[in-house]
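# Examining the three-dimensional arrangement
Here's the letter readout for the chains.
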Amino acid sequence: MKTMLSFLCSLLISTVVLSQSKTQKNTIIGKITDITNETLPYATVILQDINDKLIQGVVTNENGDFIFTNINTGNYTIETQYIGFITEKRTIVVNDKTKKINLGTLILKEDANLLDEVVVEGEVSEISLKLGKKVFRVGKDITAQSGAATDVLNNVPSVNVGPTGTITLRGNANVQVLINGRRSGLTQSQALEQLSADVIETIEVITNPSAKYDASGGAGIINIILKKNKMSGLNGQVRLVSGIPDDYRAFGNVNYKTEKFNFFTNLGIRYTDYEGDYSKEQQTTDNGVTTFLNQNEDEDRHDDGQIFYFGTDFYANDNNTFTLAYFRNETQDTDKTELFYDISTNENNTETSLFTLGNSKEERAYNQLEANYTKTFEKKGKRLTVDFQYDFWNSTKKWDLITDETFPTTTNIATIKTLGNTNTDDIRIQSDYKIPINEKSNLEVGVKFENRTINNDFLAEELIDNNFETIDGINNNLEYKEKITSGYAQFNSKRNKFNYQLGLRLESTAVTINSASNILNIKNDYTNLFPSATVGYEFKDNLSGQLSYSKRIKRPSLWQLNPFFELKDYTARFTGNPLLNPSYTDAYELSFMYNSKKITINPSIYFSKTKDVFQDETIVDSAGVFIQYPINLDSENRVGLELSISYKPLKWLRFSSDFNAYTFDQTGILNEENAAISDATWSVNFSTSIQPSKTLKLQTRVYHIGEKSNAQTTTKGITYVNIAASKSILKNKGSIIFNVFNPFNSSQTKEYITGDNFQINQIRNRNAQRFSLSFVYKFNQKASDKNRSAKRSNRN
């Protein structure tokens with residue numbers, strides 16, 4: 001591992017040490033739109049000299065803007081390209097008197113000859129690499145289009161979703177997941193499995209966020225942007241999915257835009273089965289007697305779901321826009337679990353066999369109401385936004401569990417039922433104000449208030465003498481209240497080849513936890529400052545670097561704090577820790593970006609120091625039941641290197657890869673013993689996209705996650721593959737997509753857990769191999785149409 005890190009560090013340094021061009025001072029700016037004045041993001045703009053030699057090539061941002069910097073005096077040609085539009089050229093003259101040339105708005109016209117063609121040249125990658133930020137466009141990745149949000153996240157560089165739904169960024173679970181730039185109930189626990197990939201536009205990965213963002217997430221932020229089309233007139237698409245195991249889905253979006261209004265709608269229903277397999281070999285020693293347990297679990301999960309997302313933008317005038325939207329995700333989950341136990345004090349002879357049959361039903365309804373007001377001013381870049389969001393959701397889950405002895409006798413051991421209810425109300429209000437100081441400097445300020453209340457009821461009962469009685473007093477109501485008041489200010493500026501940004505965020509948090517039985521009565525108030533700083537330098541037109549720092553926080557979730565637990569497996573339980581403290585991270589990162597016509601390289605070196613880092617601890621209680629719960633270790637230091645590459649050697653062939661390796665040191669106390677440990681691990685994903693014809697596209701993704709250990713648990717490496725093929729039909733108005741997820745069923749987490757008197761070997765495979773076939777039909781859309789993400793104030 002050290003040899004590999006040394007090699008990659010050498011590669012990083014050699015990438016930076018390149019010859020620099022002589023100082024140049026002229027700048028060219030402009031904006032690309034269509035004839036309806038709709039901006040065209042990701043359009044290609046090429047600057048050439050009079051001999052048609054390429055000087056610079058850029059891609060427009062989300063607002064259609066582009067900029068060329070450090071241009072020598074002379075005569076040039078600017079060429080603008082966009083899929084389905086006529087390529088435009090114009091000549092310009094740069095002289096000593098024109099330090100900055102503003103070309104204004106460049107309007108492209110659609111090419112009628114290309115409306116029914118698939119144009120490969122100029123097509124952008126599914127992954128856009130930017131300093132400190134990666135943007136993954138779901139519509140560009142056919143291996144993710146037919147799955148859930150978790151399938152999409154597993155395709156995003158640096159991101160991994162574990163078998164229990166745990167999301168990590170660069171191997172670090174201390175990450176904040178947002179939807180449309182805000183916290184959401186859909187990101188809790190395994191709820192992202194219920195969100196279809198069809199309603200996701202892009203996913204942004206921000207490894208070192210500025211003060212403008214919430215300070216949550218020591219490893220960074222993953223921001224999921226939902227679709228909201230921005231095309232004129234009536235348009236939309238329908239997607240039908242059929243898969244194995246049983247997977248039937250229907251999704252559609254209809255959009256209508258006029259001069260004053262933009263109406264958008266996303267609807268979906270699904271009927272989906274999931275198959276999970278788990279196994280465990282366990283040894284426990286008590287008073288000199290060793291007990292062996294072999295356990296196997298078959299899990300069949302069935303989900304029925306409905307998704308609704310609709311709203312409107314109202315363009316009052318050129319400077320004032322109002323948005324109102326409503327999102328609802330409703331699911332009904334019916335699960336069946338079979339657990340088989342073989343218990344003995346002799347490893348080779350089973351003395352007792354047990355069987356547990358579990359049936360559960362959960363109904364969830366997540367609702368989100370959002371409103372936005374955006375005001376722009378005559379002064380370019382000046383902008384005021386006000387956002388309001390109200391989340392309210394509820395969940396009711398029932399378990400019926402019957403455990404029988406099957407050997408050496410046949411008898412009932414226990415009949416248990418549990419009932420859990422969770423209700424959440426979450427209100428957020430925020431405002432952001434951007435003030436241009438001059439052409440190269442901006443001041444941004446903002447305030448935010450969030451009030452969150454969660455009520456959780458949990459009851460566990462066992463059948464005794466034909467009557468259900470409460471188990472161990474597990475009948476409680478837990479109320480969790482969280483208020484976060486925050487404000488920030490940040491300043492950014494550019495001076496020649498240097499650019500920098502300085503920010504400071506203040507967050508005041510008040511948390512109270514109360515239970516009806518008075519077992520818990522906790523109040524925790526704290527206020528923190530979170531500074532951030534970024535310095536960038538442009539070495540050449542296609543090579544730039546950035547050094548950044550930010551302070552972050554990871555607050556415990558209710559799931560990590562709630563001390564009440566489910567009883568599905570009578571040999572093991574997970575419980576929360578109400579004494580868990582927030583963790584704090586100081587994160588540093590040095591990144592570089594190299595772009596050429598065929599290749600993009602983005603290497604990064606990062607270091608983080610975390611105080612009170614979260615760690616799961618496993619113990620055995622007096623009844624022989626394994627209890628797992630989160631604790632705070634003292635600290636963790638992490639040093640890593642990441643390398644992202646996108647390479648397109650031919651028009652029809654593209655490769656992309658993301659490699660991450662890091663070492664870490666942890667200190668603290670685990671099971672009343674020193675838990676200090678040092679280890680290293682790595683991960684890589686590799687994608688190949690092939691387009692052998694205008695209507696056929698093939699794609700494969702290979703993943704490997706290396707072995708990793710802490711003081712108590714070693715997690716073995718994983719290698720798995722996703723495969724997809726897409727065929728355009730009906731004059732490119734329709735397409736058929738075939739997906740294979742985990743075809744070799746190798747996406748299994750293997751763990752080895754040790755304690756003073758026990759050891760556990762377990763394999764968890766939450767989602768077995770899946771196959772799906774999708775049909776997509778677009779109406780009133782042309783080859784040039786894009787699902788453009790909404791201009792969501794500060795959320796992008």
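Keep in mind that this is a model prediction, so the values were computed, not measured.

### A closer look at the overall build of the chain
- Helices and strands together make up the secondary structure of the chain, namely three helices and 45 strands.
- Here the chain holds 796 residues, and 52% of them are scored as buried.
- Within the chain, contacts between residues at least 6 apart in sequence are counted, and of these 66% link residues at least 24 apart.
- Surface summary for the chain: the accessible area is close to 34900 Å², and the carbon and sulfur share equals 54%.

### Some remarks on a nonpolar patch on the surface
- On the surface, a cluster of nonpolar side chains totalling about 590 Å² of accessible area is made up of L234, V254, Y256, F261, F263, F314 and F322.
- When contributions to the nonpolar patch are tallied by element, the ones reaching two or more residues are β16 (247-257) and β17 (261-286).
- Examined against the element boundaries, F263 turns out to sit in strand β17.
- With relative accessibility at 37%, the residue F263 sits in the partly exposed group.

### Quick look at the packing of aromatic side chains
- By the definition in use, this model includes 25 aromatic pairs.
- Between Y248 and Y271 the ring centres are 6.1 Å apart and the planes differ by 40 degrees, which places this aromatic pair in the tilted class. Of the two residues, Y248 is situated in strand β16 and Y271 in strand β17; the sequence distance between them amounts to 23 residues.
- Note on Y271: relative accessible area 38%, which makes it partly exposed.

### Structural notes on the pattern of salt bridges
- Tallied over the entire structure, the rule returns 27 salt bridges.
- Between D65 and K31 there is a salt bridge, with its nearest N and O atoms 2.9 Å apart. Highlighted residues: D65 in strand β4 (residues 65-71) and K31 in strand β1 (residues 26-34), separated in sequence by 34 residues.
- For the salt bridge of R249 with D247, the shortest nitrogen-to-oxygen distance reads 2.8 Å.
- Each of D214, K448, R505, E507 and R555 takes part in one network of salt bridges that share partners.

### Things to note about the sheet that holds β1
- Here we have three strands laid out as an open sheet, ordered β4-β1-β7, and mixed in their pairing. Whereas interior strands pair on both sides, the edge strands pair on one side only; in this sheet they are β4 and β7 (100-108). Direction aside, the axes of adjacent strands within the sheet are offset by 15 degrees on average.
- Inspection of the sheet shows β1 paired to β7 by seven bridges, in the parallel sense.

### Some details on the pairing of strand β18 (residues 289-317)
- As paired strands, β17 and β18 are joined by 26 bridges and run antiparallel to one another. In the strand pairing of β18, T284 is matched with T291.
- Where β17 folds back on β18, the antiparallel hairpin that results is connected by two residues, among which N287 adopts a positive phi of roughly 55 degrees.
- As paired strands, β18 and strand β19 (residues 320-344) are joined by 25 bridges and run antiparallel to one another. Looking at the pairing, F310 lines up with Y326 of β19.
- Counting the residues in the hairpin turn of β18 and β19 gives two residues.

### Concerning the side chain of Q306
- For Q306, the position within the fold is in strand β18.
- With a relative accessible area of 19%, Q306 lands in the buried category.
- With near-sequence residues (within four places) excluded, Q306 lies in contact with G268, I269, R328, N329, E330 and Q332.

### Section: the nonpolar core
- In this structure, I167, L195, I200, I203 and L226 are the most contacted members of the largest nonpolar core, which totals 31 residues.
- Of all the secondary structure elements, the ones that give two or more residues to this core are α2 (149-154), β10 (159-161), β11 (167-169), β12 (175-179), β13 (200-206), β14 (220-226), β18 and β19.
- Grouped together as the second largest cluster of nonpolar side chains are 20 residues, A43, I71, Y82 and F85 included.

### Notes on the pairing of β19
- Bridging between β19 and strand β20 (residues 352-376) involves 24 bridges; their strand directions are antiparallel. Bridging from a neighbouring strand, D342 pairs with S353 of β20.

### Thoughts on the confidence of the model for the chain
- For the chain, per-residue confidence averages 84 on the pLDDT scale, and 87% of positions sit at 70 or higher.
- The low-confidence segment residues 11-24, where pLDDT is below 50, has 20 contacts with residues more than four positions distant or belonging to other chains.

### Topic: the sheet that holds strand β28 (residues 572-574)
- Judged by pairing direction, the sheet is mixed, and its three strands sit side by side in the order β28-β32-β31 without closing on themselves. Each of the sheet's edge strands pairs with one partner strand only, and the pair in question is β28 and β31 (614-620). Pairs of neighbouring strands in the sheet enclose a mean axial angle of 30 degrees, with direction left out of account.

### Overview of the side chain of D214
- Inspection of the secondary structure puts D214 in the loop between β13 and β14.
- We classify D214 as buried; its relative accessible area is 16%.
- Not counting residues within four places of it along the chain, the set of residues in contact with D214 comprises I221, K448, R505, E507 and R552.

### Overview of a negative patch on the surface
- A contiguous patch of negative charge, built from E275, D277, D298 and D300, is present on the exposed surface.
- Going through the elements one at a time, β17 and β18 are the ones with two or more residues in the negative patch.
- Residue position: D277 is located in strand β17.

### Overview of the environment of F407
- Position of F407 among the secondary structure elements: in strand β21 (residues 383-407).
- Since its relative accessible area comes to 41%, F407 is described here as partly exposed.
- The sequence separation of F407 and I343 amounts to 64 residues, and the corresponding C-alpha distance is 10.0 Å.
- When residues no more than four places from it in sequence are discounted, the contact partners of F407 are T350, E351, T352 and S353.

### A word on unusual backbone geometry
- The amide bond that connects I244 to the next residue, P245, takes the cis arrangement and shows omega of -5 degrees.
- Its location among the elements puts P245 in the loop between β15 (233-244) and β16.
- A cis amide bond, omega 5 degrees, links F407 with the succeeding residue P408.
- One non-glycine residue, L730, adopts positive backbone phi at about 55 degrees.
- Mapped onto the secondary structure, L730 falls in the loop between β41 (718-729) and β42 (734-741).

### Looking at the environment of S158
- On the secondary structure map, S158 appears in the loop between α2 and β10.
- On the basis of relative accessibility, which here comes to 11%, the residue S158 falls in the buried class.
- On a C-alpha basis, the gap between S158 and T168 in space is 8.1 Å, while along the polypeptide they are 10 residues apart.
- Other than its neighbours up to four places away in sequence, S158 contacts K134, T168, L169, R170, E642 and D658.

### Observations concerning the environment of L520
- With respect to the helices and strands, the residue L520 is situated in the loop between β25 (498-515) and β26 (521-540).
- Residues L520 and N562, 42 residues apart in the sequence, show an inter-C-alpha distance of 9.8 Å.
- Beyond its immediate stretch of four places on either side in the chain, L520 contacts L478, I513, N514, S515, P563 and P578.

What counts, and at which threshold
Residues numbered from 1 in each chain as written. Predicted model: local features only at pLDDT ≥ 70, side-chain atom pairs only at ≥ 80, totals over all residues. Heavy atoms only, no water. Helix = DSSP H or I, 4+ residues; strand = E, 2+ residues; numbered from the N terminus. Buried < 20%, exposed > 50% of the residue type's maximum accessible area, 1.4 Å probe, protein only. Contact = heavy atoms within 4.5 Å. Areas by Shrake-Rupley, 256 points an atom, 1.4 Å probe, with all protein chains shown as cover. Patch = residues over 30% accessible without salt bridge, like charges linked within 9 Å, V, L, I, M, F, W, Y side chains within 5 Å. Salt bridge = Lys/Arg side-chain N within 4 Å of Asp/Glu carboxyl O. Phe/Tyr/Trp six-rings, centres within 6.5 Å; stacked < 30°, edge-to-face > 60°. Pairing = 2+ DSSP bridges. Axes fitted to C-alpha atoms, helices over the stretch in contact; angles between N-to-C directions. Core = buried A, V, L, I, M, F, W, Y, C linked by side-chain atoms within 4.5 Å. pLDDT = per-residue confidence, 0-100. Lys, Arg positive; Asp, Glu negative; His and termini not counted. Charge placed at Lys NZ, Arg CZ, Asp CG, Glu CD.

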